[in-house]
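For reference, the chains in residue letters:
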Amino acid sequence: MGRSIIVKQSKLLVTVLLGLLIVGAGGGYYVYHTERQAAIAKKRQTDKALNKKAALKNSQLSRKVNQTTFLNNKNTDEQVTKILNLSHFVGSALVVKDDHVVYNRAFGYANKAKNQRNKVNSKYQILSIQKSMTAVGIMQLVQAGKVKLTDPISKYYPTLKHGRQTTLRQMLDMTTGFRLKSGS
């Protein structure tokens, strides 16, 4: 009889310890998940602020260019170049007046590490707008029944590391944790 009480108490102790372990692990996961979601929200907020700042800078630059009276002579080149240099513009600039190109020049580097300068025909990423365009395209495929948001990304990119656990939905929500190693 004494042995049966000890066995019952041991089982109870093991059950309580196991319960505490499960609750502790759940609490730990909750903290991890909450911190991860906060980090994702902070990154989105930072990206949004940077995009807003870039848009404001481009808007101000555009206003400067629009307010400037351009002479149709050899000074036009100098005028536009001066405005763009003062604004620390990086990219390709094209000014068209009366259906004629009056200015077309590139500034800065496409890839500074490789010493590659921008060219007038350089192609650029269009900030975060491509994310929206991609999402619209994918949702059109979902509506057409050609893909599912629950599809693993490995279905379309079989060589992607961790692709089996990642869904299209996670890619669209940008909650995969994937990071680019460089921006070039």
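You'll find the structure just up there.
Residues numbered from 1 in each chain as written. Predicted model: local features only at pLDDT ≥ 70, side-chain atom pairs only at ≥ 80, totals over all residues. Heavy atoms only, no water.

Visitor: Break down the packing of aromatic side chains for me, citing the residues and quoting the values.
Guide: The description of two aromatic rings rests on the distance between their centres and on the angle between their planes. Tallying each qualifying case throughout the model produces one aromatic pair. Here the aromatic rings of Phe-89 and Phe-107 are separated by 5.9 Å at their centres, their planes lie at 80°, and the arrangement is edge-to-face. Of this pair, Phe-89 sits in the loop between helix H2 (75–86) and strand S1 (91–97) while Phe-107 sits in strand S2 (residues 100–107), placing them 18 residues apart in sequence. Of note, Arg-117 hangs over the ring of Tyr-109, and the distance from its end group to the ring centre comes to 4.6 Å. (Phe/Tyr/Trp six-rings, centres within 6.5 Å; stacked < 30°, edge-to-face > 60°. Helix = DSSP H or I, 4+ residues; strand = E, 2+ residues; numbered from the N terminus. Lys NZ or Arg CZ within 6 Å of the ring centre and 35° of its normal.)

Visitor: Explain the layout of surface pockets to me, and be specific about the residues and the numbers.
Guide: Volume-wise, the largest pocket comes out at about 2,100 Å³. If you trace the largest pocket, you find 50 residues lining it, with Gln-125, Leu-127, Ser-128, Gln-130 and Lys-131 closest to the centre. For the lining of the largest pocket, the elements supplying multiple residues, two or more each, are helix H1 (2–67), S1, helix H3 (129–143) and helix H4 (168–173). With 13 residues, the single largest contributor to the lining of the largest pocket is H1. Along the lines of polarity and charge, the residues of the lining of the largest pocket split into 24 nonpolar, 17 polar and nine charged. (1 Å grid on protein atoms, 1.4 Å probe; cavity = no way out; pocket = protein on both sides within 12 Å on 5 of 7 lines; lining within 4 Å. Points joined across faces, edges and corners; volume = space filled by probe spheres on them. Nonpolar A, V, L, I, M, F, W, Y, C, P; charged D, E, K, R; others polar.)

Visitor: Tell me about the side chain of Asn-111, and please be specific about residues and values.
Guide: Mapped onto the secondary structure, Asn-111 falls in strand S3 (residues 109–111). A polar contact of 3.1 Å, which involves the side chain of Asn-111, links it to the backbone nitrogen of Ala-113. A distance of 3.2 Å separates a polar atom in the side chain of Asn-111 from the backbone nitrogen of Lys-114. (Polar contact = N/O pair within 3.5 Å; in protein donor to acceptor, adjacent residues only side chain to side chain.)

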